[in-house]
Each structure stands twice: as C-alpha cells, then as structure tokens.
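Architecture and fold: a report
The residues making up each chain are set out below.
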Amino acid sequence: MKPKLIFLYSKDMAVYLDPRAQLLCVLEGQKGGITHIKFSPDGTKLLAGARKDDEISVWDMRNPGTLYSTLNRTVDTNQRIYFDVSSDGKVVLSGSTNGSVQAWDLESGQEIEKFDMHQDCVNGLDIHPYLPYLATSSGQRHMDKCTEMSDDEDDKEEMMENTMKLWELPTMEIN
C-alpha cells in the first residue's frame, strides 16, 4: 500500500494508505494554514511550512504522527514561502520574509548558516538537483507600507524587490 498525503488550506495534514483510504495518522501543530510540503529524498521525513508560521515542521514518517524537529525561520505574511531539501537529504534551505535564506542540518535540526540574499521577501527557492546552485525569487505586496512610509519614489523602490537570482552555493559544514 502506498501512503497518500492529503492537506487542505488548513493547519493539519492527514496521511492515508492507498487504495483503501485507510487513515494512517493526522499531523497537527502548524500555526498557520499549510502552504508547502516536501518529503526528504529518502522518504523518511515530511516537511511542512505554513503562512504566518515561523516553523517548518519535520515529521518522522518511520513513526507516523511523530514530530522529528522544527526549523525556525521568519514568516510574517500570508504569502507562501518555499523551502527545499538538498538531493543528498542533508540540508534544508528556506526563504523568509526578511530577505534572508537559512540553512539547517536536516538530521539534527540545527541551523548551519543564514544568508542575506534579497532586499525583500524570499518567497521562491529551489536547489539544483546535482550542481551547487540555488535559484531564489523575491517580492511581495507593499501597498500600505509604500503609502505610509514615504511619497519619495526612490524609497519605495528600495524596499521592493521583485527578482529572480541564481546563486552558487558554498560548501556548508555539517557538524
């Protein structure tokens, strides 16, 4: 039987066994509505991120329903903030609403490094499957902030960045 993952735009996920739709477990604990999920390459962990939720939950699929760890990031928007897992399953990278990208050791849950990469929210992020490259995208709505902060067009442009960038990843030491 293959597990089937179901989640709606809510705070919980349910894992069912196919083809009989037998409930395996319910994964609860996200503070916001779930917006992104991803399995580790070996399938032993399921990662979930949510809107207005500073934690990526890492679930242990060897023990369904067991929280393995949480990875703390900055997410203070309803916007979807993506994360990715390296192809070797060792590193998790996530964007944030403060323009940085964070890296964690997936096994220990410890933060490895934090990179300031954009002037605005890093909402898109994807690790190349076998080359040391990372693609990021940035941008979000600033309607209220722009009109409140300043009428000067230069100030408005400084706080808004809508870009896609390609980065060469440094070698990250995992202790």
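These numbers come from a predicted model, not from an experiment.

Turning our attention to the pairing of strand β9 (residues 91–95). Both faces of the sheet carry side chains from a regular strand, because those side chains alternate between them. Of all five residues in β9, five are buried, a share of seventy percent or more. The alternating pattern of β9 places Val91, Leu93 and Gly95 and Val92 and Ser94 on opposite faces, both of which are buried. With three bridges connecting them, strand β8 (residues 83–85) and β9 associate as antiparallel partners. Looking at the pairing, Asp84 lines up with Leu93 of β9. Where β9 meets strand β10 (residues 100–105), five bridges bridge the pair, whose relative direction is antiparallel. Residue Gly95 lies in a different strand from β10, and its bridge partner there is Val101.

On to the confidence of the model for the protein, then. In the predicted model, the protein carries a mean pLDDT of 84, and 81% of its residues have values of at least 70. Here helix α2 (residues 153–159) is the element of the protein with the lowest mean pLDDT, 52, and β8 is the one with the highest, 97.

With that settled, the discussion passes to the sheet that holds strand β7 (residues 66–72). Strand order in the open sheet formed by four strands is β4-β5-β6-β7, with antiparallel pairing between adjacent strands. Each edge of the open sheet is held by one strand with a lone partner, namely β4 (34–39) and β7. Along the sheet, successive strands turn relative to each other by an average axial angle of 20 degrees, direction set aside. Relative to β7, strand β6 (residues 55–60) is paired through six bridges, and the arrangement is antiparallel. Its bridge partner lying in β7, Asp60 is registered against Thr66.

Another point: the nonpolar core. Counting 11 residues, the largest nonpolar core is built from Val91, Leu93, Val101, Ala103, Phe115, Met117, Val122, Leu125, Ile127, Leu134 and Leu169. Listing elements by their share of this core, those giving two or more residues are β9, β10 and β12 (122–127). In terms of residue count, β12 provides more of this core than any other element does, three residues in total. Contact partners of Ile127, with chain neighbours within four places excluded, come to Asp84, Val85, Ser86, Leu93, Tyr133, Leu134 and Leu169.

Let us now look at the packing of aromatic side chains. Ring pairs (aromatic) are described by centroid distance and by the angle formed between their planes. Taken as a whole and judged by the stated rule, the model has zero aromatic pairs. When the ring centre of Tyr68 is taken as origin, the NZ or CZ atom of Lys45, which lies over that ring, is 4.8 Å away.

This next bit is on the pattern of salt bridges. Scanning all chains against the criterion turns up four salt bridges. Its salt-bridge partner being Glu55, residue Lys31 comes within 3.1 Å of it at the nearest N-O pair. Here Lys31 is found in the loop between β3 (22–27) and β4, whereas its partner Glu55 is found in strand β6, with 24 residues between them in sequence.

Now for the pairing of strand β11 (residues 111–116). Across five bridges, β10 lies against β11 in antiparallel orientation. Within β11, the residue paired with Ser100 across the bridge is Asp116. From the end of β10 to the start of β11, which pair antiparallel, there are five residues, and Gly109 there has a positive phi angle of about 80 degrees.

Let us now look at the sheet that holds β11. Within the open sheet, the four strands sit side by side as β8-β9-β10-β11. Their pairing is antiparallel. Only two strands of the sheet have a single neighbouring strand rather than two, namely β8 and β11. Shown here is a sheet whose adjacent strand axes are inclined to one another by a mean of 15 degrees, direction ignored.

Rules used in this analysis
Residues numbered from 1 in each chain as written. Predicted model: local features only at pLDDT ≥ 70, side-chain atom pairs only at ≥ 80, totals over all residues. Heavy atoms only, no water. Buried < 20%, exposed > 50% of the residue type's maximum accessible area, 1.4 Å probe, protein only. Helix = DSSP H or I, 4+ residues; strand = E, 2+ residues; numbered from the N terminus. Pairing = 2+ DSSP bridges. pLDDT = per-residue confidence, 0-100. Axes fitted to C-alpha atoms, helices over the stretch in contact; angles between N-to-C directions. Core = buried A, V, L, I, M, F, W, Y, C linked by side-chain atoms within 4.5 Å. Contact = heavy atoms within 4.5 Å. Phe/Tyr/Trp six-rings, centres within 6.5 Å; stacked < 30°, edge-to-face > 60°. Lys NZ or Arg CZ within 6 Å of the ring centre and 35° of its normal. Salt bridge = Lys/Arg side-chain N within 4 Å of Asp/Glu carboxyl O.

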